[in-house]
Protein chains: 2
Amino acid sequence: MSADTARNETQIEIMEATYRALCEHGYADLTIQAIADEFDKSKSLLYYHYDTKDEILIAFLSYLLDQFSIEDAIDRDESPDEQLWTLVDEFLPESPPDEHREFQLALFELRSRALSKEAYREQFTRVDRLIHDAFVDVLAAGVDDGSFREIGVEETATLLVSTVTGAMLRRVTTDDDVTAAREAVVDLVESRLIADGDD
Amino acid sequence: MSADTARNETQIEIMEATYRALCEHGYADLTIQAIADEFDKSKSLLYYHYDTKDEILIAFLSYLLDQFSIEDAIDRDESPDEQLWTLVDEFLPESPPDEHREFQLALFELRSRALSKEAYREQFTRVDRLIHDAFVDVLAAGVDDGSFREIGVEETATLLVSTVTGAMLRRVTTDDDVTAAREAVVDLVESRLIADGDD
């Protein structure tokens, strides 16, 4: 994670400690002590910056979102359809490493807080808009250079956000694996987007 | 809700009380007392059948799933594309009444329990398979009678389950409304399925 000018070094170290603690414990079992255990400095310094677990976690989501850059996520030298696959892999990896699974699980615990807490709701509105904008960016590039058909970029991006979010949720809350959902996305992209893939 | 031979009358009344209490209080604020308040018989009868809130709720999910019948949800006299819209409306209504919203919210609270509790996970695996099978049923009928193209029925059903689940989740956890997601599903169905809708 790179430095962010709006946060001081201590806050960034707290965010990195929060990431590790969240992967290890999940939301429900997370305590400020567990974050402090991952933090090299004193626990009082942690309390100086944040009062509650939810306050740290909302700051953490905001930090994550500030870190995300479409330019870091994709390689502009690749073709738009390769870029699109990179994005799908980013959000819905085929065989995620354990850390990714743990983190995704924790993210859904945090998202379920958005059912009742406005501060979480704001952050997840940002999450979804960011994923949406990343898809729009890549889809528009593909329509521009003729590698994708003249599809509705906004509608397709909206569809992909819902599909990817739903597939991620189903991966962590059902016994069905995500292979079928990934294949369905591949199939959607190929039948709908690829310009030479006429029926 | 119709009677189910596997449950006695008291159990069915408990399930109906659970539905009302869940819509009113959501999962987090739900207590056995709140269910008892909606139940006409004695609280001790409720405890005779169930020990914990989670035990009642898992029985409730199982009851809901046993109630669901594709034949009740759709009208076979309608064309397959009308049946498909009926299903999309069932899972992702355009402007859901308050009770529907409250219930959907509660369902996601229950789904988030599936992140760690196997008994919830089993029920939500059933939920998703049931939605999937309902889509397969209607899609296959449309391919058979020529009103849908020769699409991969399984893949399309899988895609629709993830999309509809993701759109429902986003409706209850972000500030974005679901209109765009519904339109994206409409657009998907029309561009992909409708046999005379060639590009």
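In the block above lies the structure referred to throughout.
Residues numbered from 1 in each chain as written. Chains lettered and ligands numbered in written order. Predicted model: local features only at pLDDT ≥ 70, side-chain atom pairs only at ≥ 80, totals over all residues. Heavy atoms only, no water.

Visitor: Honestly, the overall build of chain A in this entry has me stumped. Any pointers?
Guide: If you tally the helices and strands in chain A, you get 10 helices and 0 strands. Moving toward the C terminus, one meets the helices and strands of chain A in the order α-α-α-α-α-α-α-α-α-α. Along the three orthogonal principal directions, the C-alpha set of chain A runs to about 65 × 40 × 30 Å. For chain A, buried positions account for 54% of its 199 residues. Within chain A, contacts between residues at least 6 apart in sequence are counted, and of these 67% link residues at least 24 apart. Accessible surface for chain A amounts to roughly 9,000 Å². Of this, 46% is attributable to carbon and sulfur atoms. (Helix = DSSP H or I, 4+ residues; strand = E, 2+ residues; numbered from the N terminus. Buried < 20%, exposed > 50% of the residue type's maximum accessible area, 1.4 Å probe, protein only. Contact = heavy atoms within 4.5 Å. Areas by Shrake-Rupley, 256 points an atom, 1.4 Å probe, with all protein chains shown as cover.)

Visitor: I tried to follow the relation of the copies chain A and chain B on my own but got confused; where do I start?
Guide: Both copies of the chain are related through a single rotation about an axis accompanied by a shift along the same axis. Aligned on chain B, chain A shows an RMSD of 0.0 Å; the corresponding rotation is 180 degrees and the shift along the axis is 0.0 Å. As the rotation angle and translation indicate, the two copies are arranged about a two-fold axis. A symmetric contact is evident, with 100% of the interface residues of chain A recurring at the interface of chain B. (Least-squares fit on C-alpha atoms with pLDDT ≥ 70 in both.)

Visitor: When you look at the interface of chain A and chain B in this model, what are you seeing that I'm missing?
Guide: You'll often see interface size given as the accessible area lost when the parts meet. The partner chain B presents 41 residues to the 41 residues of chain A that form the contact. When chain A packs against chain B, close to 3,400 Å² is buried across both sides, 54% of that on carbon and sulfur atoms. On the chain A side of the interface with chain B, the three residues burying the most area are Leu 115, Arg 170 and Thr 173 of chain A, jointly 18% of the side's total. Here chain A is connected to chain B by 6 salt bridges. In this structure, Arg 121 of chain B and Asp 175 of chain A form a salt bridge, with 2.9 Å as the shortest nitrogen-oxygen distance. Applying the counting criterion to the chain A and chain B interface returns 17 residue pairs in polar contact (both at pLDDT 80 or more). Residue assignment for the side of chain A that touches chain B shows that the elements contributing at least two residues are helix 7 (98-113), helix 8 (118-144), helix 9 (153-173) and helix 10 (179-192) of chain A. It is helix 9 of chain A that contributes the most residues to the side of chain A that touches chain B, 14 residues altogether. In the side of chain A that touches chain B, the residues fall into 15 nonpolar, 10 polar and 16 charged. (Buried area = accessible area lost by both parts, 1.4 Å probe. Salt bridge = Lys/Arg side-chain N within 4 Å of Asp/Glu carboxyl O. Polar contact = N/O pair within 3.5 Å; in protein donor to acceptor, adjacent residues only side chain to side chain. Nonpolar A, V, L, I, M, F, W, Y, C, P; charged D, E, K, R; others polar.)

Visitor: In this structure, what is going on with the packing of helix 6 (residues 80-91) of chain B against helix 8 (residues 118-144) of chain B? I would like to understand it.
Guide: In a packed pair of helices, the relevant descriptors are the angle between the two axes and the axis-to-axis distance. All names here are of chain B. Packing of helix 6 against helix 8 leaves a shortest axis separation of 8 Å and a crossing angle of 165 degrees. Between helix 6 and helix 8, the crossing angle belongs to the class labelled roughly antiparallel. Viewed along their axes, helix 6 and helix 8 form a crossing whose handedness is left-handed. Here Pro 80, Gln 83, Leu 84, Leu 87, Val 88 and Phe 91 of helix 6 lie close against helix 8, whose contacting residues are Ile 131, Ala 134, Phe 135, Val 138, Leu 139, Ala 141 and Gly 142. Here the residues of the contact of helix 6 with helix 8 sort into 11 nonpolar, 2 polar and no charged. (Axes fitted to C-alpha atoms, helices over the stretch in contact; angles between N-to-C directions. Parallel < 35°, antiparallel > 145°, perpendicular 65-115°, else oblique. Left-handed = near helix turned anticlockwise from the far one by under 90°.)

Visitor: Help me understand the nonpolar core, please; the structure alone is not making it clear to me.
Guide: Across soluble globular proteins, you tend to see nonpolar side chains buried next to one another. Counting 140 residues, the largest nonpolar core has Phe 135 and Leu 139 of chain A together with Phe 135 and Leu 139 of chain B as its most contacted members. When near neighbours in sequence (up to four residues on either side) are disregarded, Leu 139 of chain B contacts Leu 84, Phe 148, Ile 151, Val 153, Thr 156, Ala 157, Leu 160 and Leu 193 of chain B. (Core = buried A, V, L, I, M, F, W, Y, C linked by side-chain atoms within 4.5 Å.)

Visitor: How should empty space enclosed by the protein be read in this particular structure?
Guide: Empty space left among the atoms is revealed by rolling a probe the size of a water molecule over them. One pass over the structure, following the stated rule, counts 1 cavity of 30 Å³ or more. Its volume calculated, the largest cavity comes out at about 70 Å³. If you go around the largest cavity, the residues you meet are Phe 108, Arg 111, Ser 112, Leu 115, Leu 169 and Thr 173 of chain A together with Phe 108, Arg 111, Ser 112, Leu 115, Leu 169 and Thr 173 of chain B. Every element with two or more residues in the lining of the largest cavity is listed here: helix 7 and helix 9 of chain A together with helix 7 (98-113) and helix 9 (153-173) of chain B. Among the residues making up the lining of the largest cavity, the classes are represented as 6 nonpolar, 4 polar and 2 charged. (1 Å grid on protein atoms, 1.4 Å probe; cavity = no way out; pocket = protein on both sides within 12 Å on 5 of 7 lines; lining within 4 Å. Points joined across faces, edges and corners; volume = space filled by probe spheres on them.)

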